[in-house]
Amino acid sequence: MSPELTIHKPDEWGAAGGALLVERLQSQPGLSLCLPTGNTPVPAYAAFASGGGTLDSNHLFLLDDFLLPDGHPARCDLMLSRTLLDRLAAPPRSLHRLDVAAPDLDAECARFESLVDEHPLDLTLLGLGGNGHLGLNEPGSNADSRTRVVKLEPDTIRSAAVYGDGIAPRHGVTLGMRSILRSQEIWLLVTGGHKAGILERTLRGPVGSAVPASFLQFHPNTVVLADTAAVAGFG
Ligand code: PGA
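It should be emphasised that the depicted structure is a prediction, and the values quoted were computed from it without experimental measurement.

The rules behind each value
- Residues numbered from 1 in each chain as written.
- Predicted model: local features only at pLDDT ≥ 70, side-chain atom pairs only at ≥ 80, totals over all residues.
- Heavy atoms only, no water.
- Axes fitted to C-alpha atoms, helices over the stretch in contact; angles between N-to-C directions.
- Helix = DSSP H or I, 4+ residues; strand = E, 2+ residues; numbered from the N terminus.
- Parallel < 35°, antiparallel > 145°, perpendicular 65-115°, else oblique.
- Left-handed = near helix turned anticlockwise from the far one by under 90°.
- Contact = heavy atoms within 4.5 Å.
- Nonpolar A, V, L, I, M, F, W, Y, C, P; charged D, E, K, R; others polar.
- 1 Å grid on protein atoms, 1.4 Å probe; cavity = no way out; pocket = protein on both sides within 12 Å on 5 of 7 lines; lining within 4 Å.
- Points joined across faces, edges and corners; volume = space filled by probe spheres on them.
- Near = heavy atom within 4 Å.
- Polar contact = N/O pair within 3.5 Å; in protein donor to acceptor, adjacent residues only side chain to side chain.
- Areas by Shrake-Rupley, 256 points an atom, 1.4 Å probe, with all protein chains shown as cover.
- Sits in = over half its atoms within 2 Å of the grid points.
- Pairing = 2+ DSSP bridges.
- Salt bridge = Lys/Arg side-chain N within 4 Å of Asp/Glu carboxyl O.
- Buried < 20%, exposed > 50% of the residue type's maximum accessible area, 1.4 Å probe, protein only.

Things to note about the packing of helix H1 (residues 10-27) against helix H2 (residues 42-50)
Part 1 of the reasoning: Contact pair H1 / H2: the axes reach a minimum separation of 7 Å and the direction vectors enclose 50 degrees. Regarding the angle of H1 to H2, the classification is oblique. Helix-helix and strand crossings are classified by hand; for H1 and H2 the assignment is right-handed. Along the contact surface, H1 presents Trp13, Gly14, Ala15, Gly17, Gly18, Leu21, Val22 and Leu25, while H2 presents Pro43, Ala44, Ala47 and Phe48.
Part 2 of the reasoning: Looking at side-chain class alone, the contact of H1 with H2 contains nine nonpolar, three polar and no charged residues.

Structure, rendered in structure tokens:
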């Protein structure tokens, strides 16, 4: 079953995405939710917060993070606070994240994955990497890849430098493809003309680890929330 594609005008995309999330959490308040950071979700998170969205009855999982020192502006935990959590009336019931300062990162990844198994994901939102990654599952990641430490690709390193103060991480930790693909429902967030080529490969190209996002073609309940720029040129 192919992902369903929904398309909004660029200036309406954030409001639409934020409202969808508010509605979903009102109708299914206790769901287990995994959220990404990055630039794409920012307008949807702003609309969610200003639309009265709340996460106070949810188990909330943060999708990934960079191996950067505590307090670095490109750290995903800080990005999530800046763009979403600090704007909410109440904190989430439980925020689970990968602790990149843990002395044994492999054990930390195993701990996080077990927590996801304990609270199976009902809904996972994802950004789409310019190289086709999901979370930090870089090209080469298989559909059954586990939560782990990853070496970042040059494209991802460049993007991460933009999030922060120019200091780029070389490694990250990410929820594995296996856990992502087990989520009951997935919303893939894609905006901007610079994502059009990779979105087309994701949805219409061959399925395989060269473009990890292409595994979504086999996921039974994925919706792509795109703006018109991200689908420009689709035949
Ligand atoms: P972006 O990143 O939202 O900043 O484009 C997406 C991603 O790399 O997953």
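The structure having been displayed, the exposition proceeds.
Comments concerning the layout of surface pockets
Part 1 of the reasoning: One number sums up the size of the largest pocket: a volume of about 540 Å³.
Part 2 of the reasoning: Surrounding the largest pocket, 26 residues form its lining, Gly38, Asn39, Leu128, Tyr163 and Lys195 being those nearest its centre.
Part 3 of the reasoning: With six residues, helix H5 (residues 154-163) is the largest single contributor of residues to the lining of the largest pocket.
Part 4 of the reasoning: Residues that form the lining of the largest pocket fall into these classes: ten nonpolar, 13 polar and three charged.

Re the site of the ligand
Part 1 of the reasoning: Neighbouring residues of the ligand: Gly38, Asn39, Thr40, Gly127, Leu128, Gly129, His133, Tyr163 and Lys195.
Part 2 of the reasoning: Threonine 40 places a side-chain nitrogen or oxygen 2.5 Å from an oxygen atom of the ligand.
Part 3 of the reasoning: Taking lysine 195, its side chain carries an N or O atom lying 2.7 Å from an oxygen atom of the ligand.
Part 4 of the reasoning: Expressed as a share of its isolated accessible area of 280 Å², the protein-covered part of the ligand is 84%.
Part 5 of the reasoning: Taken atom by atom, the bulk of the ligand overlaps the largest pocket.

A closer look at the side chain of asparagine 131
Part 1 of the reasoning: Considering the arrangement of structural elements, one finds asparagine 131 in the loop between strand S6 (123-127) and strand S7 (148-151).
Part 2 of the reasoning: In this structure the side chain of asparagine 131 is engaged in a polar contact, spanning 3.0 Å, whose partner is the backbone nitrogen of histidine 133.
Part 3 of the reasoning: Of the polar contacts made by the side chain of asparagine 131, one reaches the side chain of threonine 156; its length is 3.5 Å.
Part 4 of the reasoning: For asparagine 131, the contacting residues outside a window of four places in its chain are Glu138, Pro139, Glu153, Asp155, Thr156, Ile198 and Ala210.

Section: the sheet that holds strand S10 (residues 222-227)
Part 1 of the reasoning: Strand order in this open sheet of seven strands is S1-S10-S9-S6-S2-S3-S5, and the pairing throughout is parallel. Strands with a single pairing partner mark the edges of an open sheet, and in this sheet they are strand S1 (4-8) and strand S5 (94-96). Within the sheet, the average angular offset between the axes of one strand and its neighbour, ignoring direction, is 20 degrees.
Part 2 of the reasoning: Looking at chain direction, strand S2 (residues 32-35) and strand S3 (residues 59-62) are connected through four bridges and run parallel. Within the sheet, the bridge partner assigned to cysteine 34 lies in S3 and is phenylalanine 61.

Regarding the pattern of salt bridges
Part 1 of the reasoning: Counting across every chain of the model gives ten salt bridges.
Part 2 of the reasoning: Linking aspartate 70 and arginine 75 is a salt bridge whose minimum nitrogen-to-oxygen distance equals 3.0 Å.
Part 3 of the reasoning: What makes arginine 75 buried here is its relative accessible area of 1%.
Part 4 of the reasoning: With a closest N to O distance of 3.2 Å, arginine 178 and glutamate 113 form a salt bridge. Residue arginine 178 is found in helix H6 (residues 177-182), and its partner glutamate 113 is found in helix H4 (residues 105-118); the two are separated by 65 residues along the sequence. Across this residue pair, the class does not change: arginine 178 and glutamate 113 are buried.
Part 5 of the reasoning: A single network of salt bridges, built from pairs that share partners, joins Asp65, Asp70, Arg75, Asp77 and Arg97.

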